[in-house]
Amino acid sequence: MTQSPQLIWTDVERIRAQAPLIHNITNFVVMNNTANALLALGASPAMVHAPEEVEDFVSISSALVVNIGTLDANFVAGMRLAMPRAKVLGKPVVFDPVGVGATAYRNRISEELLALATPDIIRGNASEIMALAGLNAQTKGVDSLYGSEAAIDAARRLSSVWGSVVVVSGEKDYILHGNKTAVIANGHPLMARVTGMGCTATALTGAFAAVNADYFSAAKHAMAVMGIAGELAAAKKSAPGSLQVNFLDALQELTETSISNRLHLAEA
């Protein structure tokens, strides 16, 4: 634990120095939010989903983030091409199964993509992770009806079956891989009142995976930075509109000291 803030900061410095290109196939709702968050952190975002160019774009990117929030046939076609290409090239793939469990179509596409090209990291809320693991979890659209701790067993099952690092987001964030578990108790309740915060966490995870090939550590560091930035933003003004702007500023202004002072991380 004593070295954790330093290790997180090392990754932040790598992102700022390297400005890794993060290829996002993501939903219409969050494209602006996640692009700005990646820029504020120090990465370089690209929102590219056309099937005609995704394979070429993957080849010049440092990581691929796939988010199924606003599915349609064109997006799915791009995902089907980009994910296997990233795996062939050894690029990290981060998958966000937004709203899985809500519809049969979403379930089918998620299962197909997992089998087509296993993600290195899967991040979702408790309902999404439980549904992806094959449990009959209820979901309220894209919102979870469960606390993150309810999905720990499902996350372990997913990780065991697919070999992926699995992140369950919530009041506490759980990161699991094999016999390793990390719990991060950072963040602020107001973050749940701003659209796309979970999707932003997935995008930031892509940036950390681009500079750290230990994907368990990359996911852990991303979620810590996400939570700490949320706390810093809420401390400036406790209102959702302001949080969106202040969150970007917090990512830009993040320091090793703020990480060290605020980090709440437990590992087992």
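Before reading on, note that the structure itself is shown above.
Quantities reported herein were computed from a predicted structural model and do not represent experimental measurements.

A closer look at the side chain of Asp120
Considering the arrangement of structural elements, one finds Asp120 in the loop between α5 (104-116) and β5 (121-125). Here Lys87 takes part through its side chain, which lies 3.4 Å from a polar atom of the side chain of Asp120. Among residues more than four places away in sequence, those in contact with Asp120 are Lys87, Lys91, Pro92, Val93, Ser164, Val165 and Tyr215.

Structural notes on the side chain of Asp11
Tracing the backbone through its elements, the reader meets Asp11 in helix α1 (residues 4-18). Under the relative-accessibility criterion, Asp11 is labelled buried at 1%. Beyond its immediate sequence surroundings of up to four residues, Asp11 is in contact with Phe208, Val211, Asn212 and His221.

Things to note about the packing of helix α9 (residues 215-236) against helix α10 (residues 240-253)
For the pair α9 and α10, the least separation of the axes is 8 Å and the interaxial angle reads 125 degrees. In this view, α9 runs oblique relative to α10, as classed from their interaxial angle. In this structure, the crossing between α9 and α10 has a hand that is right-handed. In this structure, α9 uses Val225, Met226, Ala229, Gly230, Leu232, Ala233, Ala234 and Lys236 to contact α10, whose residues at the interface are Leu243, Asn246, Phe247, Asp249, Ala250, Leu251 and Glu253. For the contact of α9 with α10, a count of residues per class yields 10 nonpolar, 2 polar and 3 charged.

Brief notes about the environment of Ile22
As for its position among the elements, Ile22 is in strand β1 (residues 21-25). Owing to a relative accessible area of 0%, Ile22 belongs among the buried residues under this scheme. Along the sequence, Ile22 and Val245 sit 223 residues apart, while their C-alpha atoms lie 21 Å from each other. For Ile22, the residues in contact, after removing those within four places along its chain, are Leu38, Ala43, Ser44, Pro45, Ala46, Ala63, Val65, Ala203, Gly206, Ala207 and Ala210.

Thoughts on the environment of Pro189
Here Pro189 shows up in the loop between β10 (180-184) and α8 (197-211). Spatially, the C-alpha atom of Pro189 lies 9.1 Å from that of Gly230, the residues being 41 residues apart in sequence.

Structural notes on a negative patch on the surface
Judged by side-chain charge, Glu52, Glu53, Glu55 and Asp56 come together as a negatively charged surface patch. Relative to the helices and strands, Glu53 resides in the loop between β2 (44-47) and α3 (54-60). Overall, the relative accessible area of 38% leaves Glu53 in the partly exposed class.

A closer look at the layout of surface pockets
Size it by volume and the second largest pocket reaches roughly 150 Å³. Of the residues belonging to the lining of the second largest pocket, the class tally is 6 nonpolar, 7 polar and no charged.

A few points about the nonpolar core
Within the largest apolar cluster, 51 residues are counted, with the highest numbers of intra-cluster contacts made by Ile175 and Leu251. When contributions to this core are tallied by element, the ones reaching two or more residues are α1, α2 (31-41), β3 (63-67), β8 (165-169), β10, α8, α9 and α10. It is α9 that contributes the most residues to this core, 13 residues altogether. Apart from residues no more than four positions distant in its own chain, Ile175 is found in contact with Val165, Val166, Val167, Lys180, Thr181, Ala182, Ile184, Phe216, Ala219, Lys220 and Met223. Ranked by size, the runner-up nonpolar core spans 43 residues in total, among them Leu21, Val66, Ala82 and Ala131.

Comments concerning the packing of aromatic side chains
Overall, the coordinates contain 1 aromatic pair when judged by the stated rule. Measuring from ring centre to ring centre gives 5.2 Å for Phe28 and Phe75, while their planes differ by 65 degrees; the resulting arrangement is edge-to-face. Of this pair, Phe28 sits in the loop between β1 and α2 while Phe75 sits in helix α4 (residues 73-89); the two residues are 47 residues apart in sequence, bridging distant segments of the chain. Looking at Phe28, the relative accessible area reads 51%, which means it is exposed.

Cut-offs applied
- Residues numbered from 1 in each chain as written.
- Predicted model: local features only at pLDDT ≥ 70, side-chain atom pairs only at ≥ 80, totals over all residues.
- Heavy atoms only, no water.
- Helix = DSSP H or I, 4+ residues; strand = E, 2+ residues; numbered from the N terminus.
- Polar contact = N/O pair within 3.5 Å; in protein donor to acceptor, adjacent residues only side chain to side chain.
- Contact = heavy atoms within 4.5 Å.
- Buried < 20%, exposed > 50% of the residue type's maximum accessible area, 1.4 Å probe, protein only.
- Axes fitted to C-alpha atoms, helices over the stretch in contact; angles between N-to-C directions.
- Parallel < 35°, antiparallel > 145°, perpendicular 65-115°, else oblique.
- Left-handed = near helix turned anticlockwise from the far one by under 90°.
- Nonpolar A, V, L, I, M, F, W, Y, C, P; charged D, E, K, R; others polar.
- Patch = residues over 30% accessible without salt bridge, like charges linked within 9 Å, V, L, I, M, F, W, Y side chains within 5 Å.
- Areas by Shrake-Rupley, 256 points an atom, 1.4 Å probe, with all protein chains shown as cover.
- Salt bridge = Lys/Arg side-chain N within 4 Å of Asp/Glu carboxyl O.
- Lys, Arg positive; Asp, Glu negative; His and termini not counted.
- Charge placed at Lys NZ, Arg CZ, Asp CG, Glu CD.
- 1 Å grid on protein atoms, 1.4 Å probe; cavity = no way out; pocket = protein on both sides within 12 Å on 5 of 7 lines; lining within 4 Å.
- Points joined across faces, edges and corners; volume = space filled by probe spheres on them.
- Core = buried A, V, L, I, M, F, W, Y, C linked by side-chain atoms within 4.5 Å.
- Phe/Tyr/Trp six-rings, centres within 6.5 Å; stacked < 30°, edge-to-face > 60°.

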